[in-house]
Amino acid sequence: MDFGHSEPQKLQERKRQSQEGRPSKRQRIRKEKPIKEGSHDEVLLADVRALFAAQKLTDNTLTSNSTIHATTAATSETLLSQNETNEQNGSVEKESEEGGADDILPAPFTEIDVRVLELSSTGDGLAKHGNSDQIYVVPFAAPGDIVKVKVIRHNERDHYSLADFVRVVTPGPLRDDNRINCKYFSTCGGCQFQMMDYPTQLAHKKSIVEKAYKNFSQLPAELVPLIKDTIGSPLKYGYRTKLTPHFDGPPGHRSDRKHGIINKFKSVPDIGFIKKGTRQTLDIEDCPIGTEVVRLGMGVERAKVIENLASYTKGATILLRESTERVPNEDPRASETPPNTIKVKSDKHTDFKTCVTDNNGTSTEYIGDFVFTNTAGAFFQNNNSILPIFTQYIRDHIMPPTSETAPKIKNLIDAYSGSGLFTITLASLFDSSTGIDVAASSIVSARENARLNNLPPSQCTFIAADANKLFEQVTYPKDETVVVLDPPRKGCDMNFLTQLLDFGPRRVVYVSCNVHTQARDVGVLVRGFPQQGIAYEIESLVGFDFFPQTGHVEGVAVLNRIETEWKEMFQKTLPSAATSEEPCQVNAIPS
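Residues numbered from 1 in each chain as written. Predicted model: local features only at pLDDT ≥ 70, side-chain atom pairs only at ≥ 80, totals over all residues. Heavy atoms only, no water.

Student: Residue-level account of the overall build of the protein chain, with values.
Tutor: Tallying secondary structure elements over the protein chain gives 11 helices and 24 strands in all. By sequence separation, contacts in the protein chain at least 24 residues apart represent 68% of the contacts at least 6 residues apart. (Helix = DSSP H or I, 4+ residues; strand = E, 2+ residues; numbered from the N terminus. Contact = heavy atoms within 4.5 Å.)

If you want it as structure tokens, here you go:
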């Protein structure tokens, strides 16, 4: 019995001990949310599992080839001593599946040195610490680097830990910090690769596409063609035509106008982008991947916020969107130089570039001889320098191989058409082109863009409709039709893919800003409707580097409907389970 404390005192003591031993908010064990398909977490997990399996295989091979005469088991006294030491040092003991001590992990917020083995498809380095099996996920690192990191959180079940970059201890062969062109690099979460040369970045992005189809398509290797080399951006810096810095609201409680509580800023807030690994805003005065006029606009808008700070009672996001006015050189306006404008002169015309900050304003962009207007806050590709190359590639690959027996391709369907980028740049190749988008405002812009590019409604039509119901309105013969897909990052849902397979266009060109969901969807199209003999083969896969210095890559997949003579041979390569009349679908990452 305990005679030293009364019952209330014991309760208070237990409560005090519990509070003292409670970890900080960042260390608390949180209920894990389901991982979304094609998300950062799912992609990272696939890479971690692959590296962990490869390392275990290598370790097992080395062990089997070594001459090991005996192993000495630790005594219970030794294990007890180790556990006491671990408790004193705050380390975490990781249990093996058999229940024994398998690894001792450093406590959260401990700093350790790790060796980077490879880059993941998320742009993070995957590293090892000593002889531990645990894989450390480290930002701003290149293969071969030895870096000091701060351990943040362990995921013992999946054998990886998240860590913050502290500094480079020993640079690897791929790293040269003299290449870094931004003072915020390794703190801002925007760029990952400024320390690597551009050919290395492109090679890595090719591997991202390769791993996406290996991990997410669920296709046999023989059905996936060799990935082409990633097509680079003409501009490596100064390419982003849109940036959206922001600032948070005043510290303290939110304003409550109903009760007369209005929170005011007492000092200038940090204006910029998210600090890597946190929810904090990092104050950023300049961003070198922005175009010249966007960077100019960033300085102007920061000054406006500071000047009018008293009028703000909450945080805000600042739109910085490049817009171009083009005039012939013989026009008198070509000799003018308006304020806050970047002037670019060529042989035939002069471009005046300004920065639009009104989300409902209009931005204008030129892609070769095509002109596009758009609601400034709406989506449009953010690297104008690569768009002429990109759209020309789509034009060069939109038509299927010539055939003496197949009918001529006459029609184009552009699903997720937005303001008409593909519909308009491809329209001259077809008798009839139809762009379909769920956003009515995008259709308004698309119709205006068709008019600006002298395309009559008889040749270029736009419809506001949900992509999940678009084939209900299609009257084109499938053998004379090509479909272009450019969905959002989440990809296409099964309802849409089922409609697409049921319609069965002769050729599909799938453009995506997320090659992992693209690989998943392409896998569905290739497996197709096995019993009905409706399926596709992949003609080519290639990445485009829209965002140099970052881990992002745009993917283009070209697919052809398989003709009768190929179907039987093709279906022999598919899994035997693919026998239903629904599209064959399987889980993306096996556990």
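Next comes the rest of the write-up.
Student: An account of helix 9 (residues 494–503) is needed here, citing residue identities and associated values.
Tutor: Listed as buried for helix 9 are Phe 496, Leu 497, Gln 499, Leu 500, Leu 501 and Phe 503. Check the buried side of helix 9 and you find it contacts strand 18 (411–415), strand 21 (481–485), strand 22 (507–512), helix 10 (515–527) and strand 23 (536–544). Measuring from the side-chain oxygen of the N-cap residue of helix 9 to the backbone nitrogen of Asn 495 gives 3.3 Å; that N-cap residue is Asp 493. Immediately beyond the C-terminal end of helix 9, within one or two residues, lies Gly 504, with a positive phi of roughly 70°. (Buried < 20%, exposed > 50% of the residue type's maximum accessible area, 1.4 Å probe, protein only. Polar contact = N/O pair within 3.5 Å; in protein donor to acceptor, adjacent residues only side chain to side chain.)

Student: Explain the pattern of salt bridges to me, using residue names and the numbers behind them.
Tutor: For side chains of opposite charge, pairing can occur when their charged atoms come near one another. Applying the stated criterion across every chain yields a total of 21 salt bridges. Lys 148 serves as the salt-bridge partner of Asp 113, at 2.9 Å between the closest nitrogen and oxygen. Pair noted here: Asp 113 is in strand 3 (residues 111–119) and Lys 148 is in strand 6 (residues 146–155), with a separation of 35 residues, a long-range link. Here Glu 285 and Lys 183 are joined by a salt bridge, their closest N and O atoms 4.0 Å apart. With Glu 285 in the loop between strand 11 (281–283) and helix 5 (292–307) and Lys 183 in the loop between strand 7 (160–170) and helix 4 (198–216), the pair connects residues that are 102 residues apart, well separated along the chain. (Salt bridge = Lys/Arg side-chain N within 4 Å of Asp/Glu carboxyl O.)

Student: Break down unusual backbone geometry for me, with residues and values.
Tutor: At Tyr 416, a residue that is not glycine, the phi angle is positive and equals roughly 55°. Counting through the fold element by element, Tyr 416 comes out in the loop between strand 18 and helix 7 (421–426). In this model, Gln 549 sits at a positive phi of 75°, which is unusual for a non-glycine residue. Turning to its location among the elements, Gln 549 is positioned in the loop between strand 23 and strand 24 (554–561).

Student: Outline the nonpolar core, listing residues and values.
Tutor: The biggest cluster of nonpolar side chains holds 75 residues, and the ones touching the most others in it are Ile 394, Ile 398 and Val 556. Counting residues in each nonpolar core, the second largest holds 44 residues, with Ile 227, Tyr 510, Leu 525 and Ala 557 among its members. (Core = buried A, V, L, I, M, F, W, Y, C linked by side-chain atoms within 4.5 Å.)

Student: Would you mind going over the side chain of Ser 121 in detail, with residue names and values included?
Tutor: Position of Ser 121 relative to the elements: it lies in the loop between strand 3 and strand 4 (125–128). Judged by relative accessible area, which is 6%, Ser 121 ranks as buried. Apart from residues lying up to four places away in sequence, Ser 121 is in contact with Val 43, Asp 47, Ile 208, Lys 211, His 516 and Gly 551.

Student: With reference to specific residues and values, describe the packing of aromatic side chains.
Tutor: If you walk through the whole model with that rule in mind, you get 11 aromatic pairs. Aromatic side chains Phe 372 and Phe 380 sit 5.8 Å apart centroid to centroid with 45° between the ring planes, which places their arrangement in the tilted category. When its relative accessible area of 2% is taken as the criterion, Phe 372 is described as buried. Members of the aromatic cluster, each reached through a chain of ring pairs, are Phe 390, Tyr 393, Phe 422, Phe 544 and Phe 546. Above the ring of Tyr 366, the side-chain terminus of Arg 326 is found at 4.1 Å from the ring centroid. (Phe/Tyr/Trp six-rings, centres within 6.5 Å; stacked < 30°, edge-to-face > 60°. Lys NZ or Arg CZ within 6 Å of the ring centre and 35° of its normal.)

Student: Hey, could you go over the environment of Ala 557 for me, with residue numbers and the actual values?
Tutor: On the secondary structure map, Ala 557 appears in strand 24. Taking C-alpha positions, Ala 557 is 5.1 Å from Tyr 510, a pair spaced 47 residues apart along the chain. Setting aside residues up to four positions removed in sequence, Ala 557 forms contacts with Tyr 213, Val 508, Val 509, Tyr 510, Gln 518, Val 522, Ser 540 and Leu 541.

Student: Give a description of the pairing of strand 3 that names residues and reports values.
Tutor: Bridging between strand 3 and strand 6 involves five bridges; their strand directions are antiparallel. Bridge pairing links Asp 113 to Lys 148 in strand 6. The pairing of strand 3 with strand 4 spans four bridges and is antiparallel. The partner of Arg 115 across the bridge, within strand 4, is Lys 128. Taking the residues between adjacent antiparallel strands as the criterion, strand 3 and strand 4 are bridged by five residues, where Gly 123 takes a positive phi near 95°. (Pairing = 2+ DSSP bridges.)

Purely geometric stuff here, so don't read any function into it on its own.
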